[in-house]
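# Breakdown of the fold
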Amino acid sequence: MLATFNARGVGQVLVTEHVSGDLVKFYGVFGTGFFRVFYPTDDGDTKFGDERRNGQAHHYAFDLQRLQRDAEMLSRLTGISIYGGDCIVRPDGSYAFIDFNDWPSFSRCREDAARAIVQCCLRQASSSPIT
């Protein structure tokens, strides 16, 4: 598998072990306060069905505000202002990010996200010099 990635020009790969717990999808827009989380097993809205690997969500208690702060930090560090991703919430409430990307579908919260995205874009446009 590493040779296949290397042949495609991928020079570095991060491999992690399986993390058991609840899959939580999150969506956010940096600096706007917009942040939503969803459990895909609650509504059956799935893209690949991978969330079934850990079974039905147990809704383990976790610190939502901490998750939002950590996601905002990832957003700032990567320069990705409009983001989404997945994390696994373990039974003890700790979590592991397993995916973080730009411009997710916002499928579960599209209308609320649209307002935050406009706010973010206007803020960035007003602070960027025109060249």
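I will try to describe carefully the structure that is included in this document. (Residues numbered from 1 in each chain as written. Predicted model: local features only at pLDDT ≥ 70, side-chain atom pairs only at ≥ 80, totals over all residues. Heavy atoms only, no water.)

## Description of the sheet that holds strand β2 (residues 34-38)
The four strands are arranged β2-β1-β3-β4 in an open sheet whose pairing can be described as antiparallel. One side of each edge strand has no neighbouring strand; the edge strands of this open sheet are β2 and β4 (95-102). With direction set aside, neighbouring strand axes in the sheet form an average angle of 20°. Two elements, strand β3 (residues 82-89) and β4, share seven bridges in a ladder whose sense is antiparallel. By the bridge assignment, I88 is partnered in β4 with A96. The strands touched by helix α3 (residues 64-78) are β1 (22-29), β2, β3 and β4; relative to β4, the strand with the most contacts, the crossing angle is about 45°. (Pairing = 2+ DSSP bridges. Helix = DSSP H or I, 4+ residues; strand = E, 2+ residues; numbered from the N terminus. Axes fitted to C-alpha atoms, helices over the stretch in contact; angles between N-to-C directions. Contact = heavy atoms within 4.5 Å.)

## Some thoughts on the pattern of salt bridges
Within the structure shown, the criterion is met by four salt bridges. The shortest N-O distance in the salt bridge between R36 and D112 comes to 3.6 Å. One end of the pair, R36, is in strand β2; the other, D112, is in helix α4 (residues 110-127), with 76 residues separating them in the sequence. Exposure remark for R36: the relative accessible area of 29% places this residue in the partly exposed category. Here D70 and R66 are joined by a salt bridge, their closest N and O atoms 4.0 Å apart. Separated by four residues within a single helix, D70 and R66 lie in helix α3, roughly one turn from each other. Under the relative-accessibility criterion, R66 is labelled partly exposed at 41%. Because the salt bridges share partners, they merge into one network encompassing R36, D112 and R115. (Salt bridge = Lys/Arg side-chain N within 4 Å of Asp/Glu carboxyl O. Buried < 20%, exposed > 50% of the residue type's maximum accessible area, 1.4 Å probe, protein only.)

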